[in-house]
Amino acid sequence: MTQLGLPDSIQACLFDLDGVVTRTAVVHAAAWKEAFDAFLRDYEGAQARPFDAVADYDEYVDGRPRADGVRAFLASRGIRLPEGSPGDPPDARTVHGLGNRKNVLVLEKIRTGGVQAYEGTLRYLEAVRAEGLRTAIVSSSANCRDVLRAVGAEHFFDVRIDGVVASARKLPGKPHPDTFLAAARDLGVAASRAAVFEDALAGMDAGRAGGFGYVVGVDRVGQTDALYAHGASVVVKDLAELGGAR
């Protein structure tokens, strides 16, 4: 193992955004809860069971593209909506409309509350770059570049595969490995020589399915066992624990 806590064979590091680099996972969870709860009350009435911002978020939406998260959660409640189209207004009763409502809410929360990065991750990124490893950000968020710029972290990454790029390239999102595989290809590195850094169970699944050389689970919410069960090679609470970060 290197001083970065990675196997000697690793040449590139592929980082998720929300919950790994930035403290935005909790913001996304709150926005999903607000959007889903309003929809459920309208759809099922006062007896509707609210969205659980921990269990439902982790199981159905965390790490997935927005529309996939809508479909997965609604399917868990036996609800099926028309697909609609990506340009649907946020009050449309469609998969894309509900997803767009969530996006409006998360952008409002980011604007009013700001965005913060995990200092341990920034120190680790500095160490990774100092060792000459190549880096990519891999996120389902269409707001990825704006968030990175807001925390001054865009310069840490050689490659960005986010919701915008994935849509343009028609790449399926996590738990499929395609976005991580695309990042490795863009970096010119085989998956077996790349490490994935993720906090979402869907991201763990993607890392395992893609045959990556090392999969680091980042446990921000007390789900260490689940991260291991979904394919983590190691689980840490902060990337600074891996070493190299001063």
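Just above, that's the structure.
Below you will find a few notes about this structure. Throughout, residues of each chain are indexed from 1 in the direction in which the sequence is written. Per-residue local features of the predicted model are confined to residues with pLDDT of at least 70, and side-chain atom pairs are confined, for both listing and counting, to 80 or more; whole-chain, interface and lining totals are unaffected and use all residues. The basis for every side-chain value is the complete set of heavy atoms in the structure, and neither hydrogens nor water enter the calculation.

1. Considerations on the overall build of the chain
Going along the chain from the N terminus, every DSSP run of H or I of four or more residues is numbered as a helix, and every run of E of two or more is numbered as a strand. Scanning the chain for helices and strands turns up ten helices and six strands. The reference for a compact globule is 2.2 Å times residues^0.38; the radius of gyration itself is calculated from the C-alpha atoms. Taken against the 2.2 N^0.38 rule, which gives 18 Å for 246 residues, the C-alpha radius of gyration of the chain at 18 Å falls within 12% of a compact globule. Its C-alpha atoms give the chain principal-axis dimensions of about 55 × 35 × 30 Å. Taken over 246 residues, the chain has a buried fraction of 54%. Residues are treated as being in contact if the distance between any of their heavy atoms lies within 4.5 Å. Taking the contacts inside the chain whose residues are at least 6 apart along the sequence as the reference set, 62% of them involve residues at least 24 apart. Looking at the chain, you have 29 positive and 33 negative side-chain charges, and the mean spots of the two groups are 3 Å apart. The buried label applies to any residue whose accessible area, calculated with a 1.4 Å probe on protein chains only, is under 20% of its type's maximum; exposed applies above 50%, and partly exposed to all values in between. Charge counting follows a simple rule: Lys and Arg are positive, Asp and Glu are negative, and His as well as the terminal groups are ignored. Charge coordinates come from a single atom per side chain, which is NZ of Lys, CZ of Arg, CG of Asp or CD of Glu.

2. Concerning the layout of surface pockets
In this analysis the probe radius is 1.4 Å and the grid spacing 1 Å, with only protein atoms considered; a cavity is a set of points the probe fits into but cannot get out of, a pocket is an open set with protein on both sides within 12 Å along at least five of seven lines, and lining residues have an atom within 4 Å of a point. Grid points are joined across faces, edges and corners, and a volume is the space filled by probe spheres set on the points. Of the pockets and cavities examined, the largest pocket occupies roughly 550 Å³. In this structure, the largest pocket is lined by 25 residues; those nearest its centre are Pro 65, Arg 66, Ala 67, Gly 163 and Ser 167. Each pocket or cavity is described by its volume, and for the second largest pocket that value is around 300 Å³. Residue lining of the second largest pocket: 18 residues in total, with Ala 25, Val 26, Tyr 57, Arg 220 and Val 221 positioned closest to the centre. Elements supplying a minimum of two residues to the lining of the second largest pocket: α1 (25-44) and α2 (55-61).

3. Quick look at the environment of Tyr 57
Here Tyr 57 shows up in helix α2. Look at Tyr 57 and you get buried, because its relative accessible area is 6%. Spatially, the C-alpha atoms of Tyr 57 and Ala 30 are 9.4 Å apart, while their sequence positions differ by 27 residues. Not counting the four nearest positions on each side in its chain, Tyr 57 is found in contact with Ala 25, His 28, Ala 29, Trp 32, Phe 51, Asp 52 and Asp 62. At 3.5 Å, the side chain of Tyr 57 forms a polar contact with the backbone oxygen of Ala 25. For this analysis, a polar contact is any N or O atom pair within 3.5 Å, provided that within protein one partner can donate a hydrogen and the other can accept it, and provided that sequence-adjacent residues contribute only side-chain to side-chain pairs.

4. Structural notes on the side chain of Asp 62
Summarising the element assignment, Asp 62 is placed in the loop between α2 and α3 (66-76). Beyond its immediate chain neighbours, meaning those up to four positions away, Asp 62 contacts Tyr 57, Asp 199, Ala 200 and Ala 202.

5. What to know about empty space enclosed by the protein
With the rule as written, the count across this model stands at one cavity of 30 Å³ or more. In this model, the largest cavity occupies a volume close to 210 Å³. Every residue lining the largest cavity is counted, 20 residues in all, and those nearest its centre are Asp 18, His 28, Arg 64, Lys 102 and Ser 140. Listing elements by their share of the lining of the largest cavity, those giving two or more residues are α1, α2 and α4 (95-113). Three classes are used, and their members are as follows: Ala, Val, Leu, Ile, Met, Phe, Trp, Tyr, Cys and Pro are nonpolar, Asp, Glu, Lys and Arg are charged, and the others, Gly among them, are polar. Looking at the lining of the largest cavity, its residues break down into five nonpolar, seven polar and eight charged.

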